[in-house]
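Breakdown of the fold
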Amino acid sequence: MHGRAVPVTPRRAGWIAGAAAAALVAAGAITYAVAGDDGANRVPTADSADAGFARDMAVHHQQAVEMSYLVRDRTEDEEVRRLAYDIAQTQANQRGMLIGWLDLWGLPKVSSDPPMTWMGMGDMPSAGEGSLMPGMATDAEMEKLATLDGKRAEVYWLQLMTEHHRGGVHMAGGCVDRCTVGVEKRLARGMVESQESEIRLMADLLAERGAKPRT
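Residues numbered from 1 in each chain as written. Predicted model: local features only at pLDDT ≥ 70, side-chain atom pairs only at ≥ 80, totals over all residues. Heavy atoms only, no water.

Considerations on the packing of helix H6 (residues 150-178) against helix H7 (residues 182-208)
Cut-off, in case you're wondering: Axis geometry follows a simple rule: fit a line to the C-alpha atoms, using only the stretch in contact for helices, then measure angles between N-to-C directions, giving values from 0 to 180 degrees. The helix and strand labels rest on DSSP assignments: H or I over at least four residues marks a helix, E over at least two residues marks a strand, and numbering proceeds from the N terminus. An angle below 35 degrees is read as roughly parallel, one above 145 as roughly antiparallel, one from 65 to 115 as roughly perpendicular, and any other as oblique. Left-handed is the label given to a crossing in which the near helix is rotated counterclockwise from the far helix by less than a right angle, and right-handed is the label when the rotation is clockwise. Gly is placed with the polar residues, together with every amino acid not listed as nonpolar (Ala, Val, Leu, Ile, Met, Phe, Trp, Tyr, Cys and Pro) or charged (Asp, Glu, Lys and Arg).
Running from N to C, H6 and H7 point in directions that differ by 155°, and their axes come no closer than 8 Å. Taken together, the axes of H6 and H7 lie roughly antiparallel to each other. Handedness of the H6/H7 crossing: left-handed. Broken down by class, the residue content of the contact of H6 with H7 amounts to 14 nonpolar, 6 polar and 7 charged.

Spelled out as structure tokens, the structure:
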């Protein structure tokens, strides 16, 4: 394995910590929901945007967690490893919340409708096998990531995760516009803010490696 350790500047450390803090604030949302938040008394239907977002984003987040742990094993660069760990932990926690809400609402965790139906995008073409929603990597891309190491793994992961975050921002923005449960809308808004911040950070990390986002 060939990796290069790059010191984390105070600016970057604050950037990553700020995004993580925003996610932790959002993670407290489940407590409010159980305690009787304004959205807790409005149980959504199975075909609602609230339920659709919870189901789809749980799947979207799961891939980000898997992708992030893959790159942590493929590089020794501490800055990339730290960012990957933060993304994995944040999205694993949020995924647990989304699934928990579906349980709380007594709704199924899977649907016969295609992914993104709640956003009117159920007929969207797939980017390839495994890419179920906007920004998701294909199975082939995940397999390729698992074969790389060092700088090549860092660049490829940063490119894939940038696309993944862009898709996540699009979906979370859809929930902000369409969801009716207040606590879920707040979580979605927090996702938009934290992932947009991480997209900017990843652009810097790519530039340092002489690379750019793929799109």
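Text resumes after the structure shown.
Let's talk about the nonpolar core
In plain terms, the rule: Among the buried residues, those of types Ala, Val, Leu, Ile, Met, Phe, Trp, Tyr and Cys that are joined through side-chain atoms within 4.5 Å form a nonpolar core. Think of it in three bands: residues with accessible area under 20% of the maximum for their type are buried, residues over 50% are exposed, and the middle band is partly exposed, with areas taken using a 1.4 Å probe on protein chains only. The contact definition used throughout considers only heavy atoms, calling two residues in contact when any of these lie within 4.5 Å.
By size, the foremost hydrophobic cluster in this structure holds 52 residues, and its most contacted members are Phe53, Met67, Leu98, Trp118 and Trp157. Here this core takes 12 residues from H6, the largest share from any one element. Apart from the residues within four sequence positions on either side, Met67 is in contact with Ala137, Met142, Leu145, Trp157, Leu160, Met161 and His164.

Observations concerning the environment of Ala88
Considering the arrangement of structural elements, one finds Ala88 in helix H4 (residues 78-105). Judged by relative accessible area, which is 0%, Ala88 ranks as buried. When the C-alpha positions of Ala88 and His61 are compared, they lie 8.5 Å apart, and in sequence the two are 27 residues distant.

Examining the state of the cysteines
We apply this condition: Criterion for a disulfide: a pair of cysteine sulfur atoms at a distance within 2.5 Å.
In this structure the tally under the stated criterion is 1 disulfide. One disulfide in the model links Cys175 with Cys179; its S-S distance is 2.2 Å. Torsion about the S-S bond of the Cys175 and Cys179 cystine: about -120°, corresponding to left-handed handedness. Neither Cys175 nor Cys179 differs from the other in exposure class; each is buried.

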